[in-house]
Amino acid sequence: MTKDIPDNLIRRTAYPDSVSRAVVTPLQPSVVYASPDPDTLDSQYDGTAFGYTYSREGHPNATVLAQKLDALEGVTGGFITNTGMSAVTATMFGLLKNGDHVIGGNQLYGRSLRMLSQELPRYGISHSLADPTDAKAIEAAITPKTKMILVEVVSNPTLRVADMEGIAALAKRHNLILVVDNTFTTPRAYRPFAHGADVVIHSITKLLAGHSDVMLGYVAAKSADHRAAIEGTIVTLGLTGSPYDCWMAERGLMSFHLRYDRAEENAAELADHLAELGAKKVLYPGRPDHPDHNRAGALLGPRFGNMVSFEIDGGRKAANTLTRAMPDMAFAPTLGDIGTTVSHAASSSHRGLTPEGRTALGMSEGFFRVSVGVEDIALLKAEFTKGFAAL
Ligand SMILES: *Cc1c(COP(=O)(O)O)cnc(C)c1O
(Lines give C-alpha, C1' and ligand atoms only; values in the text may rest on other atoms or scores of the structure.)
Protein backbone atom coordinates (compact mmCIF):
# COMPACT_ATOMS: atom_id res chain seq x y z
CA MET A 1 0.00 0.00 0.00
CA THR A 2 1.34 3.40 -0.94
CA LYS A 3 0.97 5.85 1.87
CA ASP A 4 1.16 9.09 -0.10
CA ILE A 5 -2.46 9.03 -1.40
CA PRO A 6 -4.51 11.44 0.75
CA ASP A 7 -7.35 9.66 2.56
CA ASN A 8 -9.90 12.29 1.62
CA LEU A 9 -9.39 12.18 -2.16
CA ILE A 10 -12.93 10.97 -2.83
CA ARG A 11 -14.59 13.45 -0.51
CA ARG A 12 -16.33 16.11 -2.49
CA THR A 13 -15.41 19.56 -1.29
CA ALA A 14 -17.19 22.85 -1.80
CA TYR A 15 -15.61 25.66 -3.81
CA PRO A 16 -13.36 27.90 -1.76
CA ASP A 17 -15.18 30.91 -0.31
CA SER A 18 -14.76 33.84 -2.64
CA VAL A 19 -15.89 37.41 -2.15
CA SER A 20 -16.39 37.64 -5.92
CA ARG A 21 -18.87 35.52 -7.88
CA ALA A 22 -18.81 33.74 -11.21
CA VAL A 23 -20.36 35.82 -13.99
CA VAL A 24 -21.41 32.74 -15.95
CA THR A 25 -24.13 30.37 -14.72
CA PRO A 26 -22.30 27.41 -13.16
CA LEU A 27 -22.69 24.09 -14.93
CA GLN A 28 -23.96 21.59 -12.37
CA PRO A 29 -23.57 18.01 -13.62
CA SER A 30 -24.37 16.36 -10.29
CA VAL A 31 -26.85 13.52 -10.72
CA VAL A 32 -27.65 13.33 -7.02
CA TYR A 33 -28.12 15.84 -4.24
CA ALA A 34 -27.41 15.13 -0.59
CA SER A 35 -30.03 16.25 1.93
CA PRO A 36 -29.23 16.75 5.61
CA ASP A 37 -31.73 14.20 6.95
CA PRO A 38 -34.88 12.16 6.07
CA ASP A 39 -37.21 14.90 7.39
CA THR A 40 -35.72 17.39 4.96
CA LEU A 41 -35.91 14.91 2.09
CA ASP A 42 -39.56 14.29 2.95
CA SER A 43 -40.29 17.99 2.84
CA GLN A 44 -38.50 18.24 -0.53
CA TYR A 45 -40.70 15.50 -1.98
CA ASP A 46 -43.92 16.86 -0.51
CA GLY A 47 -43.04 20.32 -1.82
CA THR A 48 -42.82 22.21 1.47
CA ALA A 49 -39.07 22.73 0.93
CA PHE A 50 -37.34 23.35 -2.37
CA GLY A 51 -34.35 21.17 -3.11
CA TYR A 52 -33.01 18.96 -5.85
CA THR A 53 -32.91 15.21 -5.31
CA TYR A 54 -32.00 13.30 -8.46
CA SER A 55 -31.31 15.11 -11.70
CA ARG A 56 -33.89 13.18 -13.78
CA GLU A 57 -36.39 14.96 -11.49
CA GLY A 58 -34.79 18.34 -12.09
CA HIS A 59 -31.49 20.15 -11.75
CA PRO A 60 -30.32 23.78 -11.52
CA ASN A 61 -29.33 24.21 -15.17
CA ALA A 62 -32.79 23.04 -16.30
CA THR A 63 -34.44 25.39 -13.80
CA VAL A 64 -32.43 28.39 -14.99
CA LEU A 65 -33.18 27.66 -18.65
CA ALA A 66 -36.87 26.92 -18.04
CA GLN A 67 -37.32 30.18 -16.14
CA LYS A 68 -35.89 32.15 -19.07
CA LEU A 69 -38.25 30.43 -21.51
CA ASP A 70 -41.14 30.89 -19.08
CA ALA A 71 -40.44 34.61 -19.09
CA LEU A 72 -40.40 34.67 -22.89
CA GLU A 73 -43.70 32.78 -23.10
CA GLY A 74 -45.39 34.55 -20.19
CA VAL A 75 -45.99 31.50 -18.02
CA THR A 76 -44.46 29.78 -14.99
CA GLY A 77 -43.41 26.21 -14.30
CA GLY A 78 -42.27 25.08 -17.76
CA PHE A 79 -40.14 21.97 -18.19
CA ILE A 80 -36.99 21.25 -20.16
CA THR A 81 -36.91 17.98 -22.10
CA ASN A 82 -34.05 16.32 -23.93
CA THR A 83 -35.45 17.02 -27.44
CA GLY A 84 -38.34 18.88 -28.99
CA MET A 85 -39.92 15.51 -29.72
CA SER A 86 -39.76 14.55 -26.06
CA ALA A 87 -41.73 17.71 -25.31
CA VAL A 88 -44.35 16.47 -27.77
CA THR A 89 -44.15 12.99 -26.19
CA ALA A 90 -44.57 14.37 -22.66
CA THR A 91 -47.63 16.35 -23.76
CA MET A 92 -49.31 13.46 -25.56
CA PHE A 93 -48.53 10.74 -23.04
CA GLY A 94 -49.11 13.03 -20.07
CA LEU A 95 -52.47 14.42 -21.14
CA LEU A 96 -54.08 11.69 -23.28
CA LYS A 97 -55.32 8.22 -22.46
CA ASN A 98 -56.65 5.15 -24.19
CA GLY A 99 -59.84 6.05 -26.08
CA ASP A 100 -59.03 9.72 -26.58
CA HIS A 101 -58.93 11.44 -29.97
CA VAL A 102 -56.59 14.25 -30.99
CA ILE A 103 -56.84 16.63 -33.95
CA GLY A 104 -53.56 17.63 -35.56
CA GLY A 105 -52.78 20.26 -38.16
CA ASN A 106 -52.30 18.54 -41.52
CA GLN A 107 -48.84 20.09 -42.03
CA LEU A 108 -47.33 19.42 -38.61
CA TYR A 109 -43.62 18.72 -38.16
CA GLY A 110 -43.00 15.28 -39.72
CA ARG A 111 -42.18 13.45 -36.49
CA SER A 112 -45.19 14.94 -34.74
CA LEU A 113 -47.32 13.56 -37.56
CA ARG A 114 -45.71 10.17 -37.03
CA MET A 115 -46.39 10.42 -33.31
CA LEU A 116 -50.08 10.80 -34.12
CA SER A 117 -50.23 8.24 -36.91
CA GLN A 118 -47.84 5.54 -35.68
CA GLU A 119 -47.14 5.77 -31.94
CA LEU A 120 -50.37 6.92 -30.32
CA PRO A 121 -52.63 4.38 -32.10
CA ARG A 122 -50.69 1.57 -30.38
CA TYR A 123 -51.92 3.00 -27.07
CA GLY A 124 -55.51 3.35 -28.24
CA ILE A 125 -55.34 7.06 -29.04
CA SER A 126 -56.83 8.02 -32.40
CA HIS A 127 -56.40 11.17 -34.45
CA SER A 128 -57.62 13.22 -37.40
CA LEU A 129 -55.70 15.75 -39.44
CA ALA A 130 -57.28 18.99 -40.60
CA ASP A 131 -56.24 22.23 -42.26
CA PRO A 132 -55.37 24.73 -39.51
CA THR A 133 -55.72 27.73 -41.84
CA ASP A 134 -59.45 26.96 -41.70
CA ALA A 135 -60.92 26.78 -38.19
CA LYS A 136 -64.12 25.29 -39.63
CA ALA A 137 -62.13 22.31 -40.92
CA ILE A 138 -60.68 21.78 -37.45
CA GLU A 139 -64.14 22.05 -35.88
CA ALA A 140 -65.56 19.56 -38.38
CA ALA A 141 -62.99 16.98 -37.21
CA ILE A 142 -64.20 17.06 -33.59
CA THR A 143 -65.72 13.82 -32.31
CA PRO A 144 -67.22 13.03 -28.89
CA LYS A 145 -63.82 11.54 -27.96
CA THR A 146 -61.73 14.54 -28.99
CA LYS A 147 -59.64 15.85 -26.15
CA MET A 148 -56.84 17.87 -27.74
CA ILE A 149 -55.84 20.00 -30.74
CA LEU A 150 -52.15 20.17 -31.72
CA VAL A 151 -51.18 22.97 -34.11
CA GLU A 152 -48.18 24.91 -35.32
CA VAL A 153 -48.71 28.59 -36.06
CA VAL A 154 -46.69 28.62 -39.29
CA SER A 155 -46.48 25.40 -41.27
CA ASN A 156 -43.34 23.77 -42.55
CA PRO A 157 -42.27 24.21 -45.33
CA THR A 158 -45.12 26.02 -47.09
CA LEU A 159 -45.31 28.70 -44.37
CA ARG A 160 -49.09 28.78 -44.20
CA VAL A 161 -50.42 30.67 -41.17
CA ALA A 162 -52.99 28.97 -38.95
CA ASP A 163 -56.26 30.64 -37.97
CA MET A 164 -55.12 30.77 -34.36
CA GLU A 165 -57.99 32.99 -33.19
CA GLY A 166 -60.62 30.76 -34.70
CA ILE A 167 -58.97 27.61 -33.35
CA ALA A 168 -58.53 29.05 -29.85
CA ALA A 169 -62.20 30.07 -29.78
CA LEU A 170 -63.43 26.64 -30.81
CA ALA A 171 -61.05 24.87 -28.42
CA LYS A 172 -62.59 26.89 -25.61
CA ARG A 173 -66.14 26.30 -26.84
CA HIS A 174 -65.62 22.53 -27.00
CA ASN A 175 -63.45 22.34 -23.88
CA LEU A 176 -60.44 20.91 -25.74
CA ILE A 177 -56.79 21.23 -24.72
CA LEU A 178 -55.11 23.55 -27.22
CA VAL A 179 -51.44 22.64 -27.70
CA VAL A 180 -49.32 25.03 -29.76
CA ASP A 181 -45.89 24.05 -31.05
CA ASN A 182 -44.31 27.51 -31.16
CA THR A 183 -40.91 26.41 -32.55
CA PHE A 184 -41.17 28.18 -35.89
CA THR A 185 -42.72 31.41 -34.69
CA THR A 186 -40.86 31.72 -31.37
CA PRO A 187 -42.12 34.05 -28.62
CA ARG A 188 -40.52 36.92 -30.57
CA ALA A 189 -43.38 36.70 -33.06
CA TYR A 190 -46.18 34.97 -31.16
CA ARG A 191 -47.01 34.17 -27.56
CA PRO A 192 -49.62 31.41 -27.59
CA PHE A 193 -50.60 31.70 -23.90
CA ALA A 194 -51.77 35.26 -24.55
CA HIS A 195 -54.07 33.87 -27.28
CA GLY A 196 -55.82 30.96 -25.61
CA ALA A 197 -53.26 28.12 -25.69
CA ASP A 198 -53.25 25.62 -22.82
CA VAL A 199 -49.88 24.05 -23.57
CA VAL A 200 -46.88 25.44 -25.46
CA ILE A 201 -44.10 23.29 -26.92
CA HIS A 202 -40.70 24.26 -28.27
CA SER A 203 -37.83 22.54 -29.93
CA ILE A 204 -35.08 24.56 -28.25
CA THR A 205 -32.74 22.84 -30.72
CA LYS A 206 -33.82 25.34 -33.38
CA LEU A 207 -33.84 29.14 -33.07
CA LEU A 208 -33.79 29.41 -29.29
CA ALA A 209 -30.44 27.66 -28.80
CA GLY A 210 -29.56 28.58 -32.34
CA HIS A 211 -26.16 27.02 -33.01
CA SER A 212 -26.97 23.42 -34.04
CA ASP A 213 -24.89 22.04 -31.20
CA VAL A 214 -27.53 21.13 -28.65
CA MET A 215 -30.87 19.27 -28.68
CA LEU A 216 -33.51 20.19 -26.14
CA GLY A 217 -37.23 20.80 -25.82
CA TYR A 218 -39.54 22.81 -23.63
CA VAL A 219 -43.13 22.32 -22.57
CA ALA A 220 -45.24 24.59 -20.41
CA ALA A 221 -48.88 24.35 -19.37
CA LYS A 222 -51.27 26.89 -17.93
CA SER A 223 -53.12 24.57 -15.56
CA ALA A 224 -51.50 23.00 -12.52
CA ASP A 225 -53.18 19.66 -13.33
CA HIS A 226 -51.66 19.60 -16.81
CA ARG A 227 -48.29 20.59 -15.41
CA ALA A 228 -48.33 17.77 -12.87
CA ALA A 229 -49.31 15.20 -15.50
CA ILE A 230 -46.63 16.39 -17.92
CA GLU A 231 -43.98 16.43 -15.21
CA GLY A 232 -44.86 12.87 -14.18
CA THR A 233 -44.43 11.69 -17.76
CA ILE A 234 -41.12 13.51 -18.19
CA VAL A 235 -39.64 12.07 -15.01
CA THR A 236 -41.00 8.55 -15.47
CA LEU A 237 -40.22 8.18 -19.18
CA GLY A 238 -36.81 9.78 -18.63
CA LEU A 239 -37.23 12.78 -20.91
CA THR A 240 -35.24 15.31 -18.85
CA GLY A 241 -32.57 17.39 -20.63
CA SER A 242 -28.97 17.12 -19.49
CA PRO A 243 -27.25 19.88 -17.47
CA TYR A 244 -24.63 20.43 -20.15
CA ASP A 245 -27.23 20.84 -22.89
CA CYS A 246 -29.23 23.25 -20.72
CA TRP A 247 -26.09 25.25 -20.03
CA MET A 248 -25.27 25.41 -23.75
CA ALA A 249 -28.82 26.43 -24.59
CA GLU A 250 -28.79 29.19 -21.98
CA ARG A 251 -25.69 30.55 -23.65
CA GLY A 252 -27.33 30.41 -27.07
CA LEU A 253 -30.52 31.99 -25.77
CA MET A 254 -28.66 35.10 -24.67
CA SER A 255 -28.32 36.21 -28.29
CA PHE A 256 -31.71 34.89 -29.43
CA HIS A 257 -33.34 38.31 -29.89
CA LEU A 258 -30.37 39.66 -31.82
CA ARG A 259 -30.15 36.59 -34.03
CA TYR A 260 -33.88 36.55 -34.64
CA ASP A 261 -34.09 40.19 -35.66
CA ARG A 262 -31.12 39.99 -37.99
CA ALA A 263 -32.24 36.70 -39.55
CA GLU A 264 -35.74 38.07 -40.08
CA GLU A 265 -34.41 41.18 -41.76
CA ASN A 266 -32.22 39.00 -44.00
CA ALA A 267 -35.15 36.70 -44.80
CA ALA A 268 -37.31 39.54 -46.06
CA GLU A 269 -34.53 40.73 -48.35
CA LEU A 270 -33.59 37.26 -49.52
CA ALA A 271 -37.23 36.48 -50.38
CA ASP A 272 -37.35 39.49 -52.71
CA HIS A 273 -33.96 38.58 -54.13
CA LEU A 274 -35.13 35.05 -54.94
CA ALA A 275 -38.13 36.51 -56.76
CA GLU A 276 -35.80 38.79 -58.74
CA LEU A 277 -33.57 35.81 -59.59
CA GLY A 278 -36.59 34.23 -61.25
CA ALA A 279 -37.67 31.60 -58.74
CA LYS A 280 -40.92 30.06 -60.00
CA LYS A 281 -42.53 30.71 -56.62
CA VAL A 282 -41.37 32.46 -53.45
CA LEU A 283 -43.17 31.93 -50.17
CA TYR A 284 -42.57 34.43 -47.37
CA PRO A 285 -45.41 35.60 -45.13
CA GLY A 286 -44.04 39.15 -45.29
CA ARG A 287 -44.58 39.35 -49.04
CA PRO A 288 -47.94 40.65 -50.24
CA ASP A 289 -48.18 37.67 -52.65
CA HIS A 290 -48.18 35.17 -49.76
CA PRO A 291 -51.64 33.59 -49.40
CA ASP A 292 -51.73 34.37 -45.64
CA HIS A 293 -49.97 37.74 -45.74
CA ASN A 294 -52.79 39.63 -44.04
CA ARG A 295 -53.32 37.06 -41.33
CA ALA A 296 -49.57 36.87 -40.69
CA GLY A 297 -49.45 40.64 -40.29
CA ALA A 298 -52.32 40.68 -37.82
CA LEU A 299 -51.25 37.60 -35.85
CA LEU A 300 -47.49 37.97 -35.79
CA GLY A 301 -47.17 41.54 -35.04
CA PRO A 302 -45.89 41.73 -37.92
CA ARG A 303 -42.87 39.48 -37.34
CA PHE A 304 -42.64 37.40 -40.48
CA GLY A 305 -39.78 35.17 -39.33
CA ASN A 306 -36.59 33.78 -40.80
CA MET A 307 -38.02 31.06 -43.03
CA VAL A 308 -38.35 31.47 -46.79
CA SER A 309 -39.46 28.79 -49.23
CA PHE A 310 -39.10 28.83 -52.98
CA GLU A 311 -39.55 26.63 -56.00
CA ILE A 312 -37.51 26.16 -59.16
CA ASP A 313 -38.27 24.29 -62.36
CA GLY A 314 -36.25 21.34 -63.61
CA GLY A 315 -37.03 18.61 -61.07
CA ARG A 316 -34.43 16.71 -59.01
CA LYS A 317 -31.66 17.43 -61.52
CA ALA A 318 -32.01 21.19 -61.07
CA ALA A 319 -32.33 20.71 -57.30
CA ASN A 320 -28.98 18.88 -57.20
CA THR A 321 -27.38 21.56 -59.37
CA LEU A 322 -28.56 24.35 -57.08
CA THR A 323 -27.29 22.87 -53.79
CA ARG A 324 -23.95 21.88 -55.35
CA ALA A 325 -23.47 25.42 -56.61
CA MET A 326 -23.93 26.85 -53.09
CA PRO A 327 -21.58 24.79 -50.88
CA ASP A 328 -21.39 27.56 -48.28
CA MET A 329 -25.13 27.30 -47.65
CA ALA A 330 -25.30 24.10 -45.60
CA PHE A 331 -27.76 21.77 -47.33
CA ALA A 332 -29.14 20.28 -44.12
CA PRO A 333 -32.56 19.21 -42.87
CA THR A 334 -32.83 21.57 -39.93
CA LEU A 335 -33.70 25.18 -39.17
CA GLY A 336 -32.84 27.97 -36.81
CA ASP A 337 -29.06 27.74 -37.04
CA ILE A 338 -27.06 30.95 -36.77
CA GLY A 339 -26.01 30.35 -40.37
CA THR A 340 -28.30 29.86 -43.33
CA THR A 341 -29.34 26.28 -44.05
CA VAL A 342 -31.19 25.03 -47.10
CA SER A 343 -33.47 22.00 -47.01
CA HIS A 344 -35.37 20.04 -49.61
CA ALA A 345 -38.73 18.59 -48.61
CA ALA A 346 -38.86 15.80 -51.21
CA SER A 347 -35.59 14.18 -50.02
CA SER A 348 -36.00 14.84 -46.29
CA SER A 349 -38.99 16.05 -44.27
CA HIS A 350 -41.61 14.86 -46.77
CA ARG A 351 -39.83 11.87 -48.31
CA GLY A 352 -42.43 9.56 -46.78
CA LEU A 353 -45.14 11.02 -49.02
CA THR A 354 -45.81 10.01 -52.63
CA PRO A 355 -44.94 12.60 -55.30
CA GLU A 356 -48.71 13.15 -55.68
CA GLY A 357 -49.05 13.67 -51.93
CA ARG A 358 -46.27 16.25 -52.01
CA THR A 359 -47.76 17.99 -55.03
CA ALA A 360 -51.06 18.25 -53.15
CA LEU A 361 -49.19 20.14 -50.40
CA GLY A 362 -47.46 22.33 -53.00
CA MET A 363 -44.01 20.71 -52.80
CA SER A 364 -42.45 19.62 -56.06
CA GLU A 365 -38.92 18.23 -56.54
CA GLY A 366 -37.84 21.84 -57.04
CA PHE A 367 -39.22 23.02 -53.71
CA PHE A 368 -36.71 24.34 -51.15
CA ARG A 369 -36.98 25.84 -47.71
CA VAL A 370 -34.34 28.26 -46.47
CA SER A 371 -33.73 28.87 -42.79
CA VAL A 372 -32.09 32.25 -43.07
CA GLY A 373 -29.19 33.02 -40.75
CA VAL A 374 -27.39 36.15 -39.65
CA GLU A 375 -24.77 36.41 -42.41
CA ASP A 376 -24.05 39.65 -44.20
CA ILE A 377 -27.00 39.99 -46.58
CA ALA A 378 -24.71 40.85 -49.50
CA LEU A 379 -22.88 37.53 -49.10
CA LEU A 380 -26.15 35.69 -48.79
CA LYS A 381 -27.58 37.22 -51.94
CA ALA A 382 -24.35 36.55 -53.82
CA GLU A 383 -24.52 32.89 -52.83
CA PHE A 384 -28.03 32.45 -54.19
CA THR A 385 -27.17 34.45 -57.31
CA LYS A 386 -24.39 31.91 -57.88
CA GLY A 387 -26.79 29.01 -57.30
CA PHE A 388 -29.37 30.33 -59.75
CA ALA A 389 -26.67 31.10 -62.33
CA ALA A 390 -25.72 27.41 -62.30
CA LEU A 391 -29.26 26.37 -63.25
C1 LIG B 1 -37.53 20.28 -34.96
C2 LIG B 1 -38.96 20.40 -34.54
C3 LIG B 1 -39.50 19.55 -33.58
C4 LIG B 1 -38.69 18.46 -32.92
O5 LIG B 1 -37.63 18.96 -32.20
P6 LIG B 1 -36.27 18.11 -31.95
O7 LIG B 1 -35.51 18.98 -31.02
O8 LIG B 1 -35.62 17.91 -33.28
O9 LIG B 1 -36.68 16.82 -31.36
C10 LIG B 1 -40.83 19.70 -33.24
N11 LIG B 1 -41.60 20.64 -33.82
C12 LIG B 1 -41.11 21.48 -34.76
C13 LIG B 1 -42.00 22.50 -35.38
C14 LIG B 1 -39.78 21.38 -35.16
O15 LIG B 1 -39.31 22.21 -36.11
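See the structure shown above.
The rules behind each value
- Residues numbered from 1 in each chain as written.
- Predicted model: local features only at pLDDT ≥ 70, side-chain atom pairs only at ≥ 80, totals over all residues.
- Heavy atoms only, no water.
- Helix = DSSP H or I, 4+ residues; strand = E, 2+ residues; numbered from the N terminus.
- Expected span 1.5 Å × (residues − 1).
- Buried < 20%, exposed > 50% of the residue type's maximum accessible area, 1.4 Å probe, protein only.
- Near = heavy atom within 4 Å.
- Polar contact = N/O pair within 3.5 Å; in protein donor to acceptor, adjacent residues only side chain to side chain.
- Areas by Shrake-Rupley, 256 points an atom, 1.4 Å probe, with all protein chains shown as cover.
- Nonpolar A, V, L, I, M, F, W, Y, C, P; charged D, E, K, R; others polar.
- Patch = residues over 30% accessible without salt bridge, like charges linked within 9 Å, V, L, I, M, F, W, Y side chains within 5 Å.
- Salt bridge = Lys/Arg side-chain N within 4 Å of Asp/Glu carboxyl O.
- Pairing = 2+ DSSP bridges.
- Contact = heavy atoms within 4.5 Å.
- Axes fitted to C-alpha atoms, helices over the stretch in contact; angles between N-to-C directions.
- Lys, Arg positive; Asp, Glu negative; His and termini not counted.
- Charge placed at Lys NZ, Arg CZ, Asp CG, Glu CD.
- Core = buried A, V, L, I, M, F, W, Y, C linked by side-chain atoms within 4.5 Å.
- Left-handed = near helix turned anticlockwise from the far one by under 90°.

1. Describing helix α10 (residues 256–276)
If you check α10, its first and last C-alpha atoms are 30 Å apart, about what 21 residues at 1.5 Å a residue would give, namely 30 Å. Restricting attention to buried positions, one finds in α10 the residues F256, R259, Y260, A263, E264, N266, A267, L270, A271, H273 and L274. Downstream of α10 by a residue or two, G278 has a phi angle that is positive, lying close to 95°.

2. Re the pairing of strand β9 (residues 307–311)
Of all five residues in β9, five are buried, a share of seventy percent or more. Of the two faces of β9, the one carrying M307, S309 and E311 and the one carrying V308 and F310 are both buried.

3. Examining the site of the ligand
Every residue lining the ligand is accounted for by T83, G84, M85, Y109, E152, D181, T183, S203, T205, K206, M215 and L335. D181 places a side-chain nitrogen or oxygen 2.6 Å from a nitrogen atom of the ligand. Across the complex, the protein chains shield 95% of the 390 Å² of accessible surface that the ligand would expose by itself. Per-class residue counts for the shell around the ligand are four nonpolar, five polar and three charged.

4. Quick word on a nonpolar patch on the surface
A cluster of nonpolar residues, V31, V32 and Y54, forms a patch on the protein surface that exposes about 250 Å² of accessible area. With respect to the element layout, Y54 can be found in the loop between α1 (38–45) and α2 (60–73). Looking at Y54, the relative accessible area reads 35%, which means it is partly exposed.

5. Here's the deal with the sheet that holds β9
Backbone-to-backbone hydrogen bonds pair the strands of a sheet. The strands run either parallel or antiparallel. Overall, mixed pairing links the five strands, which are arranged β8-β9-β12-β11-β10 in an open sheet. Edge strands, defined here as strands with exactly one partner in the open sheet, are β8 (281–283) and β10 (330–331). Examined bridge by bridge, strand β11 (residues 341–344) and strand β12 (residues 367–371) share four bridges and lie antiparallel to one another. In the sheet register, S343 faces β12, and the bridge partner there is R369. In this fold α10 packs onto β8, β9 and β12, with an angle of close to 10° to the strand it touches most, β9.

6. Let's talk about the environment of G99
On the secondary structure map, G99 appears in the loop between α3 (84–95) and β2 (101–105). Classification of G99 by relative accessible area gives partly exposed; the value is 24%. Placed 200 residues apart in sequence, G99 and L299 show a C-alpha to C-alpha distance of 34 Å.

7. Overview of a negative patch on the surface
Together, D37, D39, D42 and D46 make up a negatively charged patch on the protein surface. One can find D42 in helix α1.

8. Some details on helix α6 (residues 164–173)
Taken residue by residue, α6 has M164, I167, A168, L170 and A171 as its buried positions. On its buried face, α6 is in contact with α5 (135–140), β4 (146–152), β5 (177–181) and α11 (293–300).

9. With respect to the sheet that holds strand β1 (residues 79–81)
Pairing is mixed in the open sheet, where seven strands are placed in the order β1-β7-β6-β5-β4-β2-β3. The open sheet has two free edges, formed respectively by β1 and β3 (126–130), since each of these has just one partner strand. Between one strand axis and the next, the sheet turns through 20° on average, direction left out of account. As paired elements, β1 and strand β7 (residues 217–221) share three bridges and run antiparallel to each other. If you follow T81 over to β7, its bridge partner there is G217.

10. Focus on the nonpolar core
By size, the foremost hydrophobic cluster in this structure holds 76 residues, and its most contacted members are I80, I149, I204, F310 and F384. Here the element with the most residues in this core is α10; it accounts for six residues. Excluding its chain neighbours within four sequence positions, the residues that come into contact with F310 are L274, A279, K281, V282, L322, G366, F367, F368, V370, F384 and F388. One finds V102, M115, L120 and I201 within the second-largest nonpolar core, a separate group that totals 24 residues.

11. Here's the deal with the packing of α3 against helix α8 (residues 224–237)
Interaxial distance between α3 and α8 falls to 8 Å at its minimum, and their mutual angle equals 115°. Crossing handedness for the pair α3 and α8: right-handed. Every residue of α8 that contacts α3 at T89, A90, T91, F93, G94 and L95 is listed here: H226, A229, I230, T233, I234 and L237. Across the contact of α3 with α8, the residue classes tally to seven nonpolar, five polar and no charged.

12. As for the side chain of E73
Position of E73 relative to the elements: it lies in helix α2. In this structure E73 is buried but unpaired, with R191 as the nearest side chain of opposite charge at 5.1 Å. For E73, the residues in contact, after removing those within four places along its chain, are N182, P187, Y190, R191, P192, F193, V200, H202 and Y218.

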